[in-house]
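# Reading the structure
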Amino acid sequence: MEPLRPKRKCPECGGESQRATYPFCSQRCKDIDLNRWLSGSYAIPVTETDENLTDE
């Protein structure tokens, strides 16, 4: 039987991921990642272009 998802390492600690908390290995690692998103540690860099800078 083919697994639904391929096995991958937990992005937080490198342990084996679990089905219930995929792609993390535990609820703890999942919560650590969520906290980083909510606190703003993860951010998409933005560069301003001349079109976005308008003088009013």
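Just above sits the structure.
Residues numbered from 1 in each chain as written. Predicted model: local features only at pLDDT ≥ 70, side-chain atom pairs only at ≥ 80, totals over all residues. Heavy atoms only, no water.

## Description of the overall build of the chain
From N to C terminus, the chain includes one helix and zero strands. A total of 56 residues make up the chain; the buried ones form 11% of that total. If you take every contact in the chain between residues at least 6 apart in sequence, the share linking residues at least 24 apart comes to 5%. Put simply, the chain shows about 5,300 Å² of open surface, and 52% of that area lies on carbon and sulfur atoms. (Helix = DSSP H or I, 4+ residues; strand = E, 2+ residues; numbered from the N terminus. Buried < 20%, exposed > 50% of the residue type's maximum accessible area, 1.4 Å probe, protein only. Contact = heavy atoms within 4.5 Å. Areas by Shrake-Rupley, 256 points an atom, 1.4 Å probe, with all protein chains shown as cover.)

## Remarks on unusual backbone geometry
For the bond from Tyr22 to Pro23, the omega torsion is 5 degrees, close enough to zero to count as cis. With respect to the secondary-structure elements, Pro23 resides in the segment before helix H1 (27-39).

## What about the environment of Thr21?
Relative to the assigned elements, Thr21 resides in the segment before H1. On the basis of relative accessibility, which here comes to 8%, the residue Thr21 falls in the buried class. With near-sequence residues (within four places) excluded, Thr21 lies in contact with Ser26, Gln27 and Lys30.

## Here we look at the packing of aromatic side chains
For the structure shown, the criterion picks out one aromatic pair. Consider the rings of Trp37 and Tyr42, whose centres lie 4.9 Å apart with planes at 65 degrees: the pair is edge-to-face. Taking the relative accessible area as the measure of exposure, Trp37 reaches 51% and is therefore exposed. (Phe/Tyr/Trp six-rings, centres within 6.5 Å; stacked < 30°, edge-to-face > 60°.)

## What about the environment of Ile32?
Relative to the helices and strands, Ile32 resides in helix H1. Note on Ile32: relative accessible area 27%, which makes it partly exposed. Linking Ile32 and Glu12, residues 20 residues apart in sequence, is a C-alpha distance of 8.0 Å.

## Here's the deal with the pattern of salt bridges
Going through the model one piece at a time under the given rule, you end up with two salt bridges. Salt-bridge contacts for Lys7 lead to Glu16; the nearest nitrogen and oxygen are separated by 3.1 Å. The partner of Arg36 in a salt bridge is Glu12, with the nearest N and O atoms 2.8 Å apart. Taken together, the residues span a long stretch of sequence, with Arg36 in helix H1 and Glu12 in the segment before H1 at a distance of 24 residues. A relative accessible area of 22% places Glu12 in the partly exposed class. (Salt bridge = Lys/Arg side-chain N within 4 Å of Asp/Glu carboxyl O.)

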